[in-house]
Structures are given as structure tokens and as C-alpha cells.
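Results of the structural survey
One letter stands for each residue in the lines below.
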Amino acid sequence: MVKVMRVLNFVTPNIDAAEKICEQVKNWIKNRGAGSLKKTKVRVTTIRQLKGVNVFKDENWRYVFIPEKSCEPTSQL
């Protein structure tokens, strides 16, 4: 997917699922290496949090990862 899309969005049904995906993304970044994920962004949130907001703005997502900077999310709601 990273070869086709530079922004990977994961929309989950609830906060528990979002946190599980978040942990998997952290592990994926650690295992893959930040260098191989340059110019990639991963965003994770719940369907409820996206209701009525602009999905293109990072601040509307629960977790935003920029792998070349860190394996930790840069923002959290």
C-alpha cells in the first residue's frame, strides 16, 4: 500500500480497535525502519471522531504517525 498511497488511513469502529491498530503501526514502523517509510503518513481514528469533520486535516485524527520522524504518533486526541 505504501508504494501506491503516501497517506494510510485506518478508521476503526471503537477506541479499543484504534489503540490495537496504533500498537501494530508502531511495531510495523520499528520493524520496517523509518528510512523505508519516507514521505509516508499513517492516521488512525474511530468512525465517531470523523463524523462531521474534515478528514483531510491531521488534527481530526486520533493518532497521526510520521515514520521518518518517530515510531510514536505525533498527535493524539
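About the thresholds
Residues numbered from 1 in each chain as written. Predicted model: local features only at pLDDT ≥ 70, side-chain atom pairs only at ≥ 80, totals over all residues. Heavy atoms only, no water. Buried < 20%, exposed > 50% of the residue type's maximum accessible area, 1.4 Å probe, protein only. Helix = DSSP H or I, 4+ residues; strand = E, 2+ residues; numbered from the N terminus. Pairing = 2+ DSSP bridges. Right-handed = clockwise from strand over helix to strand, strands pointing away. Salt bridge = Lys/Arg side-chain N within 4 Å of Asp/Glu carboxyl O.

Now for the pairing of strand β2 (residues 41–46). Where burial is concerned, most of β2 is hidden: five out of the six residues are buried. Pairing of strand β1 (residues 7–12) with β2 involves six bridges; the strand directions are parallel. Note on β2: the bridge partner recorded for L8 is V42. After leaving β1, the chain enters helix α1 (residues 15–32) and then returns to the sheet as β2, a path that is right-handed. Direction of pairing for β2 relative to strand β3 (residues 63–65): antiparallel, over a ladder of three bridges. What sits directly across from V44, in β3, is Y63.

One pass over the full model with this rule turns up four salt bridges. With its nearest N and O atoms 3.2 Å apart, the salt bridge here joins E23 to K26. Note that E23 and K26 are positioned in helix α1 at a spacing of three residues, about one turn of the helix. A relative accessible area of 13% places K26 in the buried class. Here the salt bridges do not stand alone but share partners, grouping E23, K26 and E72 into one network.

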